[in-house]
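# Secondary and tertiary structure notes
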Amino acid sequence: MRQRRRQPNDKSSSAIHAYANCARIALLGCWCDSRTCFGEHREEIMPRRLTALFAAAAFLCPGSAMAWWDGGHMQIAAVAYDRLSTDIRVKVDALIRLNPDYERWVAGVRGDLAAQHAFVRASVWADDIKSDSAYTRSGDRPDGRHADRNAGYYDHLVHDYWHYRDVGFSPDGTAVDDPDPVNALTQIKLLTEGLSEASGLPDGVRSYDLVWLLHLVGDAHQPLHATARFTAVDSNGDRGGNDVDVIDATGVTMSLHAYWDSRFGGYVTPQGAIRDGLSDQRTKLPEPDAARATIADPEQWFAESRDFAMQFAYAAPVGPAKGPYKLDREYETKARDVSREQAAVAGARLANLITAALK
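Just so you know, these numbers come straight off a predicted model, no measurement behind them.

Pairing between side chains of opposite charge can happen when their charged atoms approach one another. Taken as a whole and assessed by the stated rule, the structure comprises 17 salt bridges. Its salt-bridge partner being Arg336, residue Asp337 comes within 3.0 Å of it at the nearest N-O pair. The class of Asp337 is partly exposed, set by a relative accessible area of 36%. Overall, Arg336 belongs to the partly exposed group, its relative accessible area being 44%. Within the structure, one salt-bridge network assembled from shared partners comprises Arg292, Glu304, Glu341 and Arg349.

Here it is in structure tokens:
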């Protein structure tokens, strides 16, 4: 495979920091915090409206990379926290409190709910920093000398390339590029080692490791964060489906990547995600496959996700060109089912990873 060197605008544009910025502009014309624009108790129609607005934001900001959007990441975190023992929760809660945004996360939250709320909210911190002026992309490349450093909150690089590991495939024999040398897999391994109490790292660094892991384990289970398709039509690769357009059942045109990101909706509060993922009988995630849940090797997680992408994300009616392709009911049903099972498995694996590191 040829070695690929991503340019700064690959998957996360240097000019456009994140979907969140565009969505904040699109949503009611306001610039508000992405988790407080809408109240905890959403109207039944709101998820569809939010999904459409996030899809519009994705269309306006095609270079950004976010997996599962807020709803998916926070539901995965909710499942993971629910599966932790009391002893492990005590350790986790202490580390989460060291995040610089902790006080904002728990402001106004009832005391007995604050720890769970903060853990769930922390799962999207790695996306929050993409639109935080204190963080930069300047000189931040997957082949740079600071690409894989584990410096804690002192590190103000965005590290977009930590969110994915694109092992390319080609249905027509087109040459594919190597994944970036520093990627989601390398960092899950590095940060897991750092989180361990045996690492000897300061608690502030281990807090940083935990918060990133809450996000990256979710990313690892979004199929289009594990591969990119290379064809004669697009010999440079489609950047995990970012360069393929689809039309969903509501008539909204978005990238294939954004479509899979949006399977759990967009803007939600931690309370809403906890309810959606754990208690609401209409939306709660299924019990994960027991055998899959015990797989601890992140290389296998990415291999599974890549297989799911080739089998389901790029399935008909998605074709070999850039589209747009109108998705049918069969495709959308399968995408929903695969996404929900992946999120459930991700939550279980995340809990197991944290437990193994902190026991």
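Across the sheet, 3 strands lie side by side as E2-E1-E3; this open sheet has mixed pairing. Looking at which strands have only one partner, the edges of the open sheet turn out to be strand E2 (253-255) and strand E3 (325-326). Of the strand pairs in this sheet, strand E1 (residues 245-247) and E2 are connected by 3 bridges, and their pairing is antiparallel. Counterpart to Ile247 in the pairing with E2 is Thr253.

Moving on: the confidence of the model for the protein. Residues at a pLDDT of 70 or more form 81% of the protein, whose mean pLDDT is 85. Under a pLDDT of 50 for its full length, residues 1-65 has, in the predicted model, 153 contacts with residues more than four places off or in other chains.

What follows covers the packing of aromatic side chains. Summed over the entire model, instances satisfying the criterion amount to 12 aromatic pairs. Aromatic pair Tyr81 and Phe119: ring centres 4.9 Å apart, planes at 50°, arrangement tilted. Within this pair, whereas Tyr81 is found in helix H3 (residues 69-83), its partner Phe119 is found in helix H6 (residues 114-122), the two being separated by 38 residues in sequence. Classification of Tyr81 by relative accessible area gives buried; the value is 6%. Ring pairs connect the aromatic residues Trp125, Tyr135, Tyr153, Trp162, Tyr208 and Trp212, which therefore count as one cluster. Positioned above the aromatic ring of Tyr259 is the side chain of Arg263, whose terminal nitrogen or guanidinium carbon lies 3.7 Å from the ring centre.

What follows is about helix H13 (residues 298-313). Every buried residue of H13 is listed here: Pro298, Trp301, Phe302, Glu304, Ser305, Phe308, Ala309, Phe312 and Ala313. For H13, the angular spread of the buried residues around the axis is 155°, confining them to a single face. Tucked into the core, H13 has its buried residues touching helix H8 (184-195), helix H9 (203-220), helix H10 (256-261), helix H12 (290-293) and helix H14 (329-358). Sitting at the head of H13, Asp297 places a side-chain oxygen 2.9 Å from the backbone nitrogen of Glu299.

In this section: the environment of Ala126. If you trace the backbone, Ala126 turns up in helix H7 (residues 125-128). Setting aside residues no more than four positions away along its own chain, Ala126 makes contact with His163, Trp212 and His215.

Another point: the packing of H8 against H9. How two helices pack is summed up by the angle between their axes together with the distance between the axes. Their axes nearest at 9 Å, the elements H8 and H9 cross at an angle of 145°. Note that H8 runs across H9; the crossing there is left-handed. Counted together, Gln187, Ile188, Leu191, Thr192, Gly194 and Leu195 of H8 and Arg206, Asp209, Leu210, Trp212, Leu213, Leu216, Val217 and Ala220 of H9 form the full contact between these two elements. In terms of residue class, the contact of H8 with H9 is made up of 9 nonpolar, 3 polar and 2 charged.

Residue Ala316 is joined to Pro317 through a cis peptide bond whose omega torsion reads 15°. The omega torsion across Gly323 and Pro324 is 10°, close enough to zero to call that bond cis. Of note in this structure, His159 is not a glycine but carries a positive phi near 55°. Within the secondary structure, His159 is located in the loop between H7 and H8. The exposure class assigned to His159 is buried, which follows from its relative accessible area of 0%. Of note, Arg239 is a non-glycine position whose phi angle comes to about 55°, a positive value.

This next bit is on the side chain of Asp127. Positionally, Asp127 belongs in helix H7. Within polar-contact distance, the side chain of Asp127 engages the side chain of Lys130 at 3.0 Å.

Parameters and conventions
- Residues numbered from 1 in each chain as written.
- Predicted model: local features only at pLDDT ≥ 70, side-chain atom pairs only at ≥ 80, totals over all residues.
- Heavy atoms only, no water.
- Salt bridge = Lys/Arg side-chain N within 4 Å of Asp/Glu carboxyl O.
- Buried < 20%, exposed > 50% of the residue type's maximum accessible area, 1.4 Å probe, protein only.
- Pairing = 2+ DSSP bridges.
- Helix = DSSP H or I, 4+ residues; strand = E, 2+ residues; numbered from the N terminus.
- pLDDT = per-residue confidence, 0-100.
- Contact = heavy atoms within 4.5 Å.
- Phe/Tyr/Trp six-rings, centres within 6.5 Å; stacked < 30°, edge-to-face > 60°.
- Lys NZ or Arg CZ within 6 Å of the ring centre and 35° of its normal.
- Arc of directions from axis to C-beta.
- Polar contact = N/O pair within 3.5 Å; in protein donor to acceptor, adjacent residues only side chain to side chain.
- Axes fitted to C-alpha atoms, helices over the stretch in contact; angles between N-to-C directions.
- Left-handed = near helix turned anticlockwise from the far one by under 90°.
- Nonpolar A, V, L, I, M, F, W, Y, C, P; charged D, E, K, R; others polar.

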